[in-house]
Amino acid sequence: MTRPDDPFERRPDPAGDDGRDWGYGDWDEPARERSPGHGDAARDRDPDVAPDGRGGADPRGGADPRGGADGAASDRAATDGAVDDAASADDHVGADASADDDRPARSTRDATPRPVYVRRRITAVAVAVLLVLGVPVALALGGGDDATSADGPPLLQGPLATAGSLTVDRLERDAAITRFAKLGLPVYCGAGKQPWVALTFDDGPHALSSRFRELLVRERAAVTLFRQGTNIGGHEAEVVAQRDLGWDSGSHTQNHPALASLDAKAQRTEIEAGNRASRGALGRPVRLFRPPYESHDDDTDRIVKDLGMVQVLWNVDTQDALGVSKDRIVEQAKAGLHPGSIILMHETKERTLEALPAIFAEMRRRGLQPVTVSQMLAHDPPSEAQLRKGFDGCLVDVTPGKASS
Ligand SMILES: [Zn+2]
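In this text, all values refer to a predicted model and were calculated from it rather than measured experimentally.

K.L.:
Give a detailed account of the overall build of the protein, specifying residues and quantitative values.
P.N.:
Of regular secondary structure, the protein possesses 14 helices and 10 strands. For the protein, the residues scored as buried account for 54% of the 405 residues in total.

Listed below in structure tokens is the structure:
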């Protein structure tokens, strides 16, 4: 989709000649807009959602997962093929679940204005004390899904990775995750006050993971990964390599089911098994969670909150899991490249790998920088009012049609 009125057209490339440095650019907040491809039907409001946004049945979490019939099923099949022997005994429930073509209506939570969520920053004194202690505090907190590696140099390559800032950054990221976990509302995007975009990759690790990592390192991009438990076996070294870059690690269940089709007990089993698999490879708890197929209900939300995790969805779907072309992936991403966007992609798709250079080029042209989800939560957090609006709380909503996550 062309964007003749693209407000970014006038922006100089902040990256300079080498095109790899993520410079900060001035950002004129764009008007809220919608993806041209987004169907109105998917945006039906749910009158049953309770004022607190949690009491009513969440139609997004209905029994019908969002998933393309053919594309998603073939996606799962492709992923299955790459799963190592150790995991081969586990069927991907999602393959069957994704055969349902109906996309659940979106829950747009109560739009009643609420007090803006005010983040409580760690005091400078506390930070100074911890810095003096020189302890790998992120690890000590035990909550970081990723942290500055105690085994090697700090390698976080996002825009916040200035010298001496990593420990403070890590503390603030951990604290932000804790705050949002207590809030218990799914996150769809950041505030959009900073020129940041969170690129997220689901369903790994995978045979393509090392190629993704090498490309992302070349692009100096920090990203967030939502891993499927059954895919981790045999790829532990890759997970560690990703961890040591300071990227965010999230869990994506053990077997990739549509959680809302399961009872609460089965959901908890799936989520906890996925967490254990990630923790086993990472050596630390994982605190970000993404439900497959965007399928979650009140049980899911409660369990994720109980586990001290933050449920992370997205406001931009590249549709890469549906088997679309590289050009289509780039087009979708471009439509959603706005401050605060959380972009859904998959670590299992060759075309996604091929699309990334063009996406990064466009980000540089627009003065946008890649950050992890926890960086966004810490330094450009969505307000509680935003969270309660769901997708409508984001600057853009590029989630057309069906997708599998
Ligand atoms: Zn997935």
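So that's the structure; there's more coming.
K.L.:
Give a description of the packing of helix H9 (residues 264-282) against helix H10 (residues 298-306) that names residues and reports values.
P.N.:
Contact geometry of H9 with H10 gives a least axis separation of 10 Å together with a crossing angle of 45°. Relative to H10, H9 is oriented oblique. Judged by the twist between their axes, the crossing of H9 over H10 is right-handed. Taken together, the residues of H10 that come into contact with H9 (itself represented by Ala264, Gln267, Arg268 and Ile271) are Asp299, Thr300, Ile303 and Val304. Partitioned by chemical class, the residues of the contact of H9 with H10 number 4 nonpolar, 2 polar and 2 charged.

K.L.:
Outline helix H12 (residues 350-366), supporting the account with residue identities and numerical values.
P.N.:
Since one α-helical turn is 3.6 residues long, residues separated by three or four positions face the same way. Relative to the 24 Å expected for 17 residues at 1.5 Å per residue, H12 spans 25 Å between its end C-alpha atoms, a close match to the ideal helical length. Helix geometry: H12 is bent most strongly at Leu356, by close to 35°, with proline Pro357 lying one to four residues after it. Buried residues of H12: Thr352, Leu353, Ala355, Leu356, Ile359, Phe360, Met363, Arg364, Arg365 and Arg366, and no others. Among the structural elements, strand E2 (196-202), helix H6 (209-218), helix H11 (326-336), strand E8 (342-346) and strand E9 (369-371) are those in contact with the buried residues of H12. With its phi angle positive at about 75°, Gly367 sits one or two positions after the end of H12.

K.L.:
Describe the pairing of strand E4 (residues 248-251), with residues and values.
P.N.:
Residue alternation in E4 divides its side chains into two sets, Asp248 and Gly250 and Ser249 and Ser251, and both sets are buried. Relative to E4, strand E3 (residues 224-227) runs parallel, the two being bridged by 4 bridges. Bridged to Leu225 within E4 is Ser249. Pairing geometry for E4 and strand E5 (residues 288-289), over 2 bridges, is parallel.

K.L.:
I'd like to hear about the pairing of E8, residue by residue, with values.
P.N.:
Buried residues dominate E8, accounting for 5 of its 5 residues. Of the two faces of E8, the one carrying Ile342, Leu344 and His346 and the one carrying Ile343 and Met345 are both buried. Sheet topology note: the E2/E8 ladder contains 5 bridges and is parallel. Along E8, the bridge assignment pairs Asp202 with His346. This β-α-β element, strand E7 (residues 316-317) to H11 to E8, shows right-handed connectivity.

K.L.:
Describe unusual backbone geometry, and please don't skip the residues or the numbers.
P.N.:
A cis amide bond, omega -5°, links Gly204 with the succeeding residue Pro205. For Pro205, the location among the structural elements is in the loop between E2 and H6. The phi dihedral of Gln319 is positive, around 65°, even though this residue is not glycine. Inspection of the secondary structure puts Gln319 in the loop between E7 and H11. Classification of Gln319 as buried rests on a count of 27 C-beta atoms within 10 Å.

K.L.:
Lay out H9 in plain terms, naming residues and giving numbers.
P.N.:
With 19 residues, H9 should cover 27 Å at 1.5 Å per step; its first-to-last C-alpha distance of 26 Å lies within 8% of that length. Among the residues making up H9, those that are buried are Gln267, Glu270, Ile271, Gly274, Asn275, Ala277, Ser278, Ala281 and Leu282. For H9, the angular spread of the buried residues around the axis is 160°, confining them to a single face. Elements that come into contact with the buried residues of H9 comprise E3, helix H7 (229-232), helix H8 (236-243), E4, E5 and H10.

K.L.:
Any chance you could break down the nonpolar core for me, citing the residues and the numbers?
P.N.:
One finds Val310, Ile342 and Ile343 to be the most contacted residues of the largest nonpolar core, which totals 69 residues. In terms of residue count, the dominant contributor to this core is H12 (6 residues). Counting residues in each nonpolar core, the second largest holds 5 residues, with Leu259, Ala260, Leu262 and Tyr293 among its members.

K.L.:
If you had to explain the environment of Leu387 to someone new, which residues and values would you point to?
P.N.:
With respect to the helices and strands, the residue Leu387 is situated in helix H14 (residues 384-388). When the C-alpha atoms of Leu387 and Gly184 are compared, they prove to be 9.8 Å apart, with 203 residues separating the residues in sequence. Beyond its immediate sequence surroundings of up to four residues, Leu387 is in contact with Leu185, Val187, Pro382 and Gly393.

K.L.:
Got a sec to walk through the confidence of the model for the protein? Specific residues and values, please.
P.N.:
Mean pLDDT over the protein works out to 72, with 58% of the residues at or above the 70 mark. Under a pLDDT of 50 for its full length, residues 1-21 has, in the predicted model, 25 contacts with residues more than four places off or in other chains. Considering only residues more than four positions removed or in separate chains, one finds that residues 23-157, a stretch of pLDDT under 50, has 262 contacts.

K.L.:
Would you mind going over the environment of His338 in detail, with residue names and values included?
P.N.:
Its place among the elements puts His338 in the loop between H11 and E8. Since 25 C-beta atoms lie within 10 Å of it, His338 is described here as buried. Taking the C-alpha atoms as reference, His338 lies 9.8 Å from Val316; in sequence the two are 22 residues apart.

What counts and what doesn't
Residues numbered from 1 in each chain as written. Predicted model: local features only at pLDDT ≥ 70, side-chain atom pairs only at ≥ 80, totals over all residues. Helix = DSSP H or I, 4+ residues; strand = E, 2+ residues; numbered from the N terminus. Buried ≥ 20, exposed ≤ 12 C-beta atoms within 10 Å, placed from the backbone. Axes fitted to C-alpha atoms, helices over the stretch in contact; angles between N-to-C directions. Parallel < 35°, antiparallel > 145°, perpendicular 65-115°, else oblique. Left-handed = near helix turned anticlockwise from the far one by under 90°. Contact = placed C-beta atoms within 7 Å. Nonpolar A, V, L, I, M, F, W, Y, C, P; charged D, E, K, R; others polar. Expected span 1.5 Å × (residues − 1). Bend = angle between axes of the 7 residues up to and from the residue. Pairing = 2+ DSSP bridges. Right-handed = clockwise from strand over helix to strand, strands pointing away. Arc of directions from axis to C-beta. Core = buried A, V, L, I, M, F, W, Y, C linked by C-beta atoms within 7 Å. pLDDT = per-residue confidence, 0-100.

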